[in-house]
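Okay, here's what each chain looks like letter by letter:
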Amino acid sequence: MLQNPKLSEQRGVTGNHFFDFLSCTTRLWLSNKRINVGLDNEHIMIGNYIDEKTKPRSRKRLIIQGLCSIDYIEEKSGIEVHEVKKGRTPTEPHYFQLLFYMQIIYELTEKEPLGFLHLPQVRKVVKVIRDEKKVYDAYNEIVKVLSGPCPKPKLKPICVGCSFMEMCWA
Ligand code: SF4
């Protein structure tokens with residue numbers, strides 16, 4: 001039951017939007033406005049470091065401008081979509097970002113992909129099954145947030161490492 005318009009045909013909502021939406025709607029809104037105050041944020045730097053260290057050199061990131069930036073894809077018995085994340089347990093933002101990428105690959109190839117979430121800090125790999133309804137429901141919510149005013153910040157544990165910390169709480 002593919003929805004109309006397909007996620008792969010829209011531009012503007014990316015995997016990062018899904019990640020931010022599940023993390024904090026204020027962050028989603030601010031990031032979308034390109035208000036970037038923390039490129040040297042240490043959490044971003046650690047994430048990039050893990051990403052580079054754990055990805056074999058032969059594996060290339062798949063980037064579709066304005067849509068997705070997937071860590072890597074492999075084709076074995078089927079298409080596999082792989083994301084490498086920092087942290088010790090899989091989180092909802094990780095999960096939804098990967099679901100979005102899997103949906104894009106499904107729509108573009110018409111083949112059912114399998115997802116793999118890698119957590120190299122604890123040597124864990126979590127298998128993820130595509131869920132079209134979850135992805136489209138989240139997409140509709142993201143569009144709603146982006147078309148409204150900036151959501152009021154709510155203090156939460158991730159505020160500590162967030163690049164918008166000063167903007168929200170100074
Ligand atoms: S500091 Fe907290 S409330 Fe503000 S954008 Fe970041 S996570 Fe959201």
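The name given to the chain in an unreviewed UniProt entry is Dna2/Cas4 domain-containing protein, with the source organism recorded as Oxyplasma meridianum.

(A) Layout of helix H1 (residues 15-23). Among all positions in H1, only Gly 15, His 17, Phe 18, Asp 20, Phe 21 and Ser 23 are buried. At the N-terminal end of H1, a side-chain oxygen is found 3.2 Å from the backbone nitrogen of Asn 16, two or three residues along, and the residue is Thr 14.

(B) Expanded view of the packing of helix H4 (residues 92-109) against helix H5 (residues 132-146). One way to put it is that H4 packs onto H5 with a least axis distance of 9 Å and a crossing angle of 110 degrees. Here H4 lies roughly perpendicular to H5, going by the angle between them. Within the contact between the two elements, H4 uses Tyr 95, Phe 96, Leu 99, Phe 100, Gln 103, Tyr 106 and Glu 107 and H5 uses Glu 132, Lys 134, Val 135, Tyr 136 and Ala 138.

(C) Representation of the packing of H1 against H5 in the model. Here H1 crosses H5 at 80 degrees, and the two axes come no closer than 10 Å. Judged on the interaxial angle alone, H5 and H1 are roughly perpendicular. On H5, the residues that touch His 17, Phe 18 and Phe 21 of H1 are Val 135, Ala 138, Tyr 139, Glu 141, Ile 142, Val 145 and Leu 146. Classifying every residue of the contact of H1 with H5 by side-chain character gives eight nonpolar, one polar and one charged.

Calculation criteria
- Within every chain, residues take consecutive numbers counted from 1 along the sequence as written.
- For this predicted model, a pLDDT threshold of at least 70 governs which residues receive local features, and a threshold of 80 or more governs which side-chain atom pairs are given and counted, while totals over whole chains, interfaces and linings are taken from all residues.
- With hydrogens and water excluded, all non-hydrogen atoms of the structure serve as input to the side-chain values.
- Buried residues are those whose accessible area, probed at 1.4 Å on protein chains only, stays under 20% of the maximum for their type, while exposed residues exceed 50% and partly exposed ones sit between those limits.
- By definition, any uninterrupted DSSP run of H or I lasting at least four residues is a helix, any uninterrupted run of E lasting at least two residues is a strand, and each is numbered from the N terminus.
- Identification of polar contacts relies on pairs of N or O atoms within 3.5 Å, with a donor-acceptor requirement for protein atoms, meaning one able to donate a hydrogen and the other able to accept it, and with residues adjacent in sequence counted only if both atoms are side-chain atoms.
- Geometry is summarised by axes, namely lines fitted to C-alpha atoms with helices restricted to the contacting stretch, and by angles between N-to-C directions that run from 0 to 180 degrees.
- Under this scheme an angle from 65 to 115 degrees is roughly perpendicular, one under 35 degrees roughly parallel, and one over 145 degrees roughly antiparallel; angles in between are oblique.
- The contact criterion used is simple: two residues touch if any of their non-hydrogen atoms lie within 4.5 Å.
- Residue classes follow a fixed rule: Ala, Val, Leu, Ile, Met, Phe, Trp, Tyr, Cys and Pro count as nonpolar, while Asp, Glu, Lys and Arg count as charged, and any other residue, Gly among them, counts as polar.

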